[in-house]
Amino acid sequence: MSTVYLYRIFSVSSDSPGRRALPGPAPRIRPCIVTPSPPRILTGTASWTDPTLLACGRFYPPEARSAEARLRFYASRFPMAEIDSSFYAMPTAENAYLWATRTPDDFVFNIKAFRLFTGHQTPLSALPADIRRELAGWTEPVIYHDRMPPDLRDELWRRYQLALEPLRLPGKLGAVHFQFPPWVRRDARGMARVADCARRMDEHLVSVEFRHKSWFDTAAATADTLAFERDLGVAHTVVDAPQGFDNTVPAVWESTHPDLTLLRLHGRNAATWNVSGAASSSRFQYEYSEQELAELAERFTRLAAQSAQSHAVFNTNFEDQGMRNAAAFASALLPF
């Protein structure tokens, strides 16, 4: 690790007899050696309340029956978590406040962006009641971001950012994570969607994840995508997922933001990746082997040196697989 040299300036008086004082004290410079802190590496899961996790009974103790008790127990085992519920419905400041107060001071939450913002089809039932009333004449059960009236769209963005304040103010908000659907491709329309999200959230740390192969299907596309992410000032997501599908991307081991390196792990279960109608926890059933985790941990540790903080998030949420995967990965991380 390189050493950084800072310089401390001391003043020298010039009040000797017969000498004319200068307008200010003359500086004397002495080197002060400062060793940079190692990057902070955090490991956690993409959910702590999946129904299959609660039903299996293997992670939470019997006495952890309330939402508060479960989050407090989770935070005693892991230093960060990803909030997944905010993808399906708009988060509230009230819930964000509870998340903040139920976790240690140095705990970090990443939070997924609401599905409407990323271009996913959004059921009207997922919108706040007053917004639904404004859309009373809407004849379809779902709506898309580009088809929503601009004033209502802007209001949802405003409310989303206000809901994050109870996490942001105490320093517990990590990244706002935008997971784009497969139909957001590397073309003018797709890049405009990503750029609009980054612009609207320019006061927050934003991470982006793609689900269409066009973003990284050639060396040139990969270079262009990484340059695009750097220009937008967003954190690239290294994705570990099954390969060989149009709606998967390869693991591109790069960091595009000095504040965050992000690895999201969806497992490698190709058989369930595109099962129609399956719950997400069922699609991502996978338990990483010791060898797989060791290889991932080595690459992640090396990449983590490029940013101040690094997050490894396991989205293998079936039963307690995520917790076991995350704990084993944390044990396999190379020391700095």
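In this text, all values refer to a predicted model and were calculated from it rather than measured experimentally.

K.L.:
What exactly am I supposed to notice about the overall build of the protein here?
P.N.:
For the protein, the count of helices and strands is 12 helices and 12 strands. Here the protein holds 336 residues, and the buried ones make up 49% of them. When contacts within the protein are restricted to residue pairs at least 6 apart in sequence, long-range pairs at least 24 apart make up 74% of them. Carbon and sulfur atoms make up 52% of the accessible area of the protein, which totals about 16,600 Å².

K.L.:
Quick question: what am I supposed to make of the packing of aromatic side chains here?
P.N.:
Here the distance between the centres and the angle between the planes together describe a pair of aromatic rings. In the structure shown here, the tally under the stated rule is 26 aromatic pairs. Taken together, a centroid distance of 5.8 Å and an interplanar angle of 80 degrees make the contact between Tyr 288 and Phe 314 edge-to-face. With a gap of 26 residues between them, Tyr 288 in the loop between helix H10 (280-283) and helix H11 (290-304) and Phe 314 in strand S12 (residues 309-314) connect regions that are remote in the sequence. Residue Phe 314 is classed as buried on the basis of its relative accessible area of 0%. Three or more aromatic residues joined by ring pairs form one cluster here, namely Phe 114, Phe 117, Trp 157, Tyr 160, Phe 178, Phe 180, Phe 210, Trp 215, Phe 216 and Phe 228. Above the plane of the ring of Phe 87 lies Lys 112, whose end atom (NZ or CZ) is 4.8 Å from the centre. Arg 283 extends its terminal NZ or CZ atom over the ring of Trp 273, reaching a point 5.2 Å from the ring centre.

K.L.:
I would appreciate a short explanation of helix H7 (residues 150-168) in the present structure.
P.N.:
Along an α-helix, residues three or four apart share an orientation, since each turn contains 3.6 residues. Helix length check: H7, at 19 residues, gives a terminal C-alpha distance of 26 Å against a target of 27 Å (1.5 Å per residue), a fit within 8%. Listed in full, the buried residues belonging to H7 are Leu 152, Arg 153, Leu 156, Trp 157, Tyr 160, Ala 163, Leu 164, Pro 166 and Leu 167. Each buried residue of H7 sits inside an arc of 165 degrees when the element is viewed along its axis, so together they form one side.

K.L.:
I would appreciate a short explanation of the pairing of strand S3 (residues 40-45) in the present structure.
P.N.:
On a regular strand, each side chain points to the face opposite its neighbour's, so the side chains alternate between the two faces of the sheet. Here S3 pairs with S12 via 6 bridges, running parallel. What sits directly across from Ile 41, in S12, is Ser 310. Looking at chain direction, S3 and strand S4 (residues 80-83) are connected through 2 bridges and run parallel. Within S4, the position partnered with Thr 45 by the bridge is Ala 81.

K.L.:
Would you mind showing me how to read the sheet that holds S3 here?
P.N.:
What holds strands together in a sheet is hydrogen bonding between their backbones, with the strands either parallel or antiparallel. With parallel pairing, the 8 strands of this closed barrel are ordered in space as S3-S4-S5-S8-S9-S10-S11-S12. Taking each pair of neighbouring strands and ignoring which way they run, the sheet shows an average axis angle of 25 degrees. Pairing between S4 and strand S5 (residues 108-112): 4 bridges, direction parallel. In the strand pairing of S5, Ala 81 is matched with Phe 109.

Each value, and the rule that gives it
- Along each chain, the written sequence defines residue order, and numbers are assigned to residues from 1.
- With pLDDT at 70 or above as the cut-off, local features in this predicted model cover only qualifying residues; side-chain atom pairs require 80 or more to be listed or tallied, and sums for whole chains, interfaces and linings still use all residues.
- Computation of side-chain values covers all heavy atoms of the structure but excludes hydrogens and water.
- By the criteria applied, helices consist of DSSP H or I runs no shorter than four residues and strands consist of E runs no shorter than two, each listed in order from the N terminus.
- For every residue, the accessible area (1.4 Å probe, protein chains only) is compared with the maximum for its type, and the residue is labelled buried under 20%, exposed over 50%, or partly exposed between those bounds.
- We call two residues in contact when some of their heavy atoms are within 4.5 Å.
- Computed by Shrake-Rupley with a 1.4 Å probe, the accessible areas treat only the displayed protein chains as cover when residues are assessed.
- Any pair of Phe, Tyr and Trp rings, taking the six-membered ring for Trp, is counted once the centres come within 6.5 Å. Such a pair is stacked with planes under 30 degrees apart, edge-to-face with planes over 60 apart, and tilted for the rest.
- Here, a charge over a ring means that NZ of Lys or CZ of Arg falls within 6 Å of the ring centre while also lying within 35 degrees of the ring normal.
- Multiplying one less than the number of residues by 1.5 Å gives the expected span of a helix.
- The arc under discussion is defined with respect to the helix axis, by the directions toward the C-beta atoms.
- Note on pairing: two strands pair once DSSP finds at least 2 bridges between them.
- The axes are straight lines fitted to the C-alpha atoms, using for helices just the contacting stretch, and the angles between their N-to-C directions are given from 0 to 180°.

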